[in-house]
Amino acid sequence: MTRDLSRLIRPKSIAVIGGGAWCAEVIRQSEKIGFTGDLWPVHPKADTVLGHQTYPTLADLPAPPDASFIGINRHATVQAVGALAQQGAGGAVCFASGFSEAASEDATGANLQDALITAAGEMPILGPNCYGLINALDGAALWPDQHGCSSVDSGVAILTQSSNIAINLTNQRRGLPIAYVATCGNMAQLNQAEIAQAFLEDPRVTAIGLHIEGFTNLRAWEAFARRAAEKSIPVVVLKVGASAEAQAATVSHTASLAGSDAGAEALIRRLGFARVHELPVLLETLKLLHMQGPLKSNKIASISCSGGEASLMADTALGTGLSFPPLSTTQHAELRQVLGPMVALANPLDYHTYIWRDATAMAAAWTAMATADIAMTFTVVDYPHENRSDWECATQAAITAHANTERPFAVAASLPELMPEDVAKELIAGGVVPFYGLREALVATAAAAQIAPPDPAPLLVPGDPMAPVVLDEARAKAELQAHGVDVPHSQSARGAQALQKAAEGLRPPLVLKGLGIAHKTEAGAVRLNLTAATLESAAQPMPTKQFLIEEMVTDAVAEVLIGITRDAAHGFVMTLAAGGVLTELLEDSTSCLVPARRKDLHEALLSLKIAKQLTGYRGAPPASIEAILDAAEALQAYVLANRTTLEEVEINPLICTPTRAVAADALIRKELS
């Protein structure tokens, strides 16, 4: 069911249900931000609240309210929601706690949340256990506390599961215009994707920032991503839950599933969103997206009047994925004309202080750095707290350089506190992005370059939990081979005495494995470089009577791991990694979601540290990349065919040769029918 949230988020009338300081604050904050519609306090005893006439009951209201803030106890909240829904109200914020988030300690909470959903019917509700929303465009604040929003004509929308984080974000002083802030609490009825999609329909929204503790309803997220792409609204996500401690805190706080971080990372990338990990970076990325939109590449340029700053810029960019292209011949000529012969020309550029205070010369140098292939040009400027007159030249030079080139331009303070708020406003008015902190600036820029169209293929969504069993290696390989995975020629045998005869049709050297053993290498259940005649003696010390004999792959270039796991929060997660003994040693892996396109698998494979080995290292022959991709697609085909029963499938190692990619070992956990 698609609910219409337009009246709730853009109300012309607001009912405030309940007494006390919280509800009075809703009226006070709406007036403070400039709400010009009707404010209707609902209170059975008071005659007025902050000068507004009260109504004893919901039935006494002049009309069904567009939006309601319900600030009464949890049992009364359910009744109020039911009454509002019957009246045809536009929606409600449910402030009360004690619902599903407290179910582990109070069984009543979960039952009350179910009752709340039933009572609401088609009427949209936020919460319960949430502060509500602020619309700074139209001056509506269904918000029971202080906040830092002010009236704006356009800006970004921020949505978070945490009311406290929302309050903190509204009090930013970084020049970011915030159009909407909303908290979603327990998400009893609406999930974050559905709420965020409502903000997309307001043409005054320029970007959306999401603080997410756990993904629910993957189809809703796919629909939101498609709509965001259609509307050209970039989305940036701060997803928590990467650590075990964060996941535990998330589950206890919101009763939502944080899931694996690899799955979350892959899902965010697949949806075409940018991901950040810190609140300051979230704000800086939103500011950049509001002013410039997504960036076209990862290429940047930097200019500063200090060699230390130039080096710091280069070092801080390490690991972000940003690059500093070398200066062109034309840039050399233009910069040499402005800076003279005593400046070493490079990117990042230290222009010394020869032209400081000469705003015209500074603008000319900065203009030369901002070429068409550069996604963002930075100048590093830290403004003093007093007597900034000597720094006005830097502000004007940046604004002039942006006007000359009409390309993205930024002034970055190396320390956040050295970007004064009034200077930031002046830069923004001139189209220049003011960044608070060098790392924040670079990570935000890298994030803005990540925005991309979402993958059009629907995710493979897991079904209900299962009771899987582990297949033995021989059966696992047989099932994978049926879907196109290349496996070694092999024979199975029971008893050491049967091995030599079983191996008659196989070409040595041979590999002998004991079946039914979880960790074969540690148990001494793998022997290499055998012949048919040496199989029996090799089998004697192995703790099993079931054996697998395989032809040994002798021309390996590298070993890769390819695995797919069932992730209830994010779908089926495919992992590509360095394989064999290097899996734990290198911790070299990347993940994507099923189904993955071949080009995405190719990019993921070449992003690994072992890519140099796969593509031919120091004169060694390269592995067949196409064969590796064939193996990944075959594994994916197996998952698609077994989606209802599969828990996990893994090939490790996939032995990569110049012509083949062979599954030397395989594990499958699935439910058997």
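Residues numbered from 1 in each chain as written. Predicted model: local features only at pLDDT ≥ 70, side-chain atom pairs only at ≥ 80, totals over all residues. Heavy atoms only, no water.

**Here we look at the overall build of the protein**
So, step 1. Across its full length, the protein holds 23 helices and 30 strands.
So, step 2. The C-alpha extent of the protein, read off along each of the three principal axes, is 100 × 80 × 35 Å.
So, step 3. In the protein, which comprises 673 residues, the share counted as buried stands at 56%.
So, step 4. Considering only residue pairs separated by 6 or more positions, the protein has 71% of its internal contacts joining residues 24 or more positions apart.
So, step 5. Counting only carbon and sulfur atoms, one obtains 51% of the accessible surface of the protein, whose full area is about 27,800 Å². (Helix = DSSP H or I, 4+ residues; strand = E, 2+ residues; numbered from the N terminus. Buried < 20%, exposed > 50% of the residue type's maximum accessible area, 1.4 Å probe, protein only. Contact = heavy atoms within 4.5 Å. Areas by Shrake-Rupley, 256 points an atom, 1.4 Å probe, with all protein chains shown as cover.)

**Some words on the layout of surface pockets**
So, step 1. In this structure, the largest pocket encloses a volume near 1,200 Å³.
So, step 2. Lining the largest pocket are 38 residues, with K520, T521, N652, P653 and D665 sitting closest to its centre.
So, step 3. Of all the secondary-structure elements, those providing two or more residues to the lining of the largest pocket are β22 (510-514), β23 (526-530), β24 (546-551), β25 (558-567), α20 (582-586), β28 (646-656) and β30 (666-670).
So, step 4. With 5 residues, the single largest contributor to the lining of the largest pocket is β28.
So, step 5. Split by residue class, the lining of the largest pocket holds 19 nonpolar, 6 polar and 13 charged. (1 Å grid on protein atoms, 1.4 Å probe; cavity = no way out; pocket = protein on both sides within 12 Å on 5 of 7 lines; lining within 4 Å. Points joined across faces, edges and corners; volume = space filled by probe spheres on them. Nonpolar A, V, L, I, M, F, W, Y, C, P; charged D, E, K, R; others polar.)

**Focus on the pattern of salt bridges**
So, step 1. Under the definition given, this model contains 32 salt bridges.
So, step 2. The salt bridge partner of K477 is E473, with a shortest N-O separation of 2.7 Å. Here K477 pairs with E473, and both are found in helix α17 (residues 473-481), just 4 residues apart, close to one helical turn. An identical accessibility class is assigned to K477 and E473; each is buried.
So, step 3. Here K513 makes a salt bridge to E550, at a shortest N to O gap of 3.4 Å. You can see K513 sitting in strand β22 and its partner E550 sitting in strand β24, a full 37 residues away along the chain.
So, step 4. With relative accessibility at 3%, the residue E550 sits in the buried group.
So, step 5. Salt bridges linked by common partners bring R270, D455, R597, K599 and D600 together as one network. (Salt bridge = Lys/Arg side-chain N within 4 Å of Asp/Glu carboxyl O.)

**Notes on the packing of aromatic side chains**
So, step 1. In this structure the tally under the stated criterion is 13 aromatic pairs.
So, step 2. Summarising the aromatic geometry, the rings of W22 and F95 are spaced 5.2 Å apart at their centres and angled 55° between planes, so their arrangement reads as tilted. Pair noted here: W22 is in helix α2 (residues 20-33) and F95 is in the loop between β6 (92-94) and α4 (108-120), with a separation of 73 residues, a long-range link.
So, step 3. Classification of F95 as buried rests on a relative accessible area of 17%.
So, step 4. In textbook terms, an aromatic cluster arises when at least three aromatic residues are bridged by ring pairs, as seen for W22, F69, F95, Y131 and W143. (Phe/Tyr/Trp six-rings, centres within 6.5 Å; stacked < 30°, edge-to-face > 60°.)

**Quick word on the pairing of β28**
So, step 1. The buried fraction of β28 amounts to 10 of the 11 residues, a majority that puts the element mostly inside the structure.
So, step 2. Sheet topology places β25 next to β28; 7 bridges connect them, and they run antiparallel. Looking across to β28, one finds that E559 is bridged to I655.
So, step 3. Pairing geometry for β28 and β30, over 5 bridges, is antiparallel. Looking at β30, one finds that I651 is bridged to A666.
So, step 4. Judged from the 3 bridges that link them, β28 and strand β29 (residues 661-663) form a sheet pairing that is antiparallel. Of the residues in β29, the one forming a bridge with I655 is V662. (Pairing = 2+ DSSP bridges.)

**Overview of the confidence of the model for the protein**
So, step 1. In this model, the protein carries an average pLDDT of 92, and 97% of its residues clear a pLDDT of 70 or more.
So, step 2. Scored below 50 in pLDDT, residues 244-259 shows 34 contacts in the model against residues more than four places distant or in partner chains. (pLDDT = per-residue confidence, 0-100.)

**Considering the sheet that holds strand β5 (residues 67-70)**
So, step 1. Within the open sheet, the 5 strands sit side by side as β2-β1-β5-β6-β7. Their pairing is parallel. Every other strand in the sheet has two partners, leaving β2 (38-42) and β7 (125-126) as the edge strands with one partner each.
So, step 2. With 5 bridges joining them, strand β1 (residues 13-17) and β2 adopt parallel strand pairing. When the sheet's bridge partners are listed, S13 is paired in β2 with D38.

**Re empty space enclosed by the protein**
So, step 1. Applying the stated criterion across every chain yields a total of 1 cavity of 30 Å³ or more.
So, step 2. The space that makes up the largest cavity amounts to roughly 70 Å³.
So, step 3. Taken together, E222, A225, R226, R270, L271, P454, D455, P456, A457 and P458 make up the full set of residues lining the largest cavity.
So, step 4. Secondary structure elements with two or more residues in the lining of the largest cavity: α7 (218-230) and α9 (261-271).
So, step 5. Tallied by class, residues from the lining of the largest cavity come to 6 nonpolar, no polar and 4 charged.

**Examining the sheet that holds strand β13 (residues 235-239)**
So, step 1. The 7 strands are arranged β9-β8-β11-β10-β12-β13-β14 in an open sheet whose pairing can be described as mixed. Strands at the two margins of the open sheet, each flanked by one partner only, are β9 (140-142) and β14 (274-276). For this sheet the average axis-to-axis angle between neighbouring strands, irrespective of direction, equals 15°.
So, step 2. Sheet topology places strand β8 (residues 133-135) next to β9; 3 bridges connect them, and they run antiparallel. Within β9, the residue paired with N135 across the bridge is A140.
So, step 3. On top of the sheet, α2 reaches β8 and β9; it is set at about 160° to β9, its chief contact. (Axes fitted to C-alpha atoms, helices over the stretch in contact; angles between N-to-C directions.)

**A look at the packing of helix α13 (residues 359-369) against helix α14 (residues 392-405)**
So, step 1. For the pair α13 and α14, the least separation of the axes is 8 Å and the interaxial angle reads 45°. When the axes of α13 and α14 are compared, the pair comes out oblique. In this structure, the crossing between α13 and α14 has a hand that is right-handed. Across the interface between the two elements, A359, M362, A363, W366 and T367 of α13 pack against C393, A394, A397, A398, T400, A401, N404 and T405 of α14. (Parallel < 35°, antiparallel > 145°, perpendicular 65-115°, else oblique. Left-handed = near helix turned anticlockwise from the far one by under 90°.)

**Things to note about the nonpolar core**
So, step 1. Ranked by internal contacts, the top residues of the largest apolar core, which has 109 residues, are I208, L210, W221, F224, F273, F378 and F435.
So, step 2. No other element matches helix α16 (residues 438-448), which puts 8 residues into this core.
So, step 3. Those residues in contact with F224 that lie beyond four places of it in its chain are A193, A196, Q197, L200, I208, L210, V235 and F273. (Core = buried A, V, L, I, M, F, W, Y, C linked by side-chain atoms within 4.5 Å.)

**Observations regarding the pairing of strand β12 (residues 205-212)**
So, step 1. Within β12, 7 of the 8 residues are buried, which leaves it mostly tucked inside the rest of the structure.
So, step 2. Pairing of strand β10 (residues 155-160) with β12, which is carried by 5 bridges, proceeds in the parallel orientation. Counterpart to G155 in the pairing with β12 is V205.
So, step 3. Crossover connection from β12 via α7 to parallel β13: handedness right-handed. (Right-handed = clockwise from strand over helix to strand, strands pointing away.)

**Concerning the state of the cysteines**
So, step 1. Tallied over the entire structure, the rule returns 0 disulfides.
So, step 2. With no disulfide of its own, C23 lies 12 Å from the sulfur of C94, the closest cysteine sulfur.
So, step 3. On the basis of relative accessible area, C23 is assigned to the buried category, the value being 1%.
So, step 4. Counting only cysteine sulfurs, C130 is the nearest neighbor of C94, a cysteine outside any disulfide, at a range of 7.2 Å. (Disulfide = S-S within 2.5 Å.)

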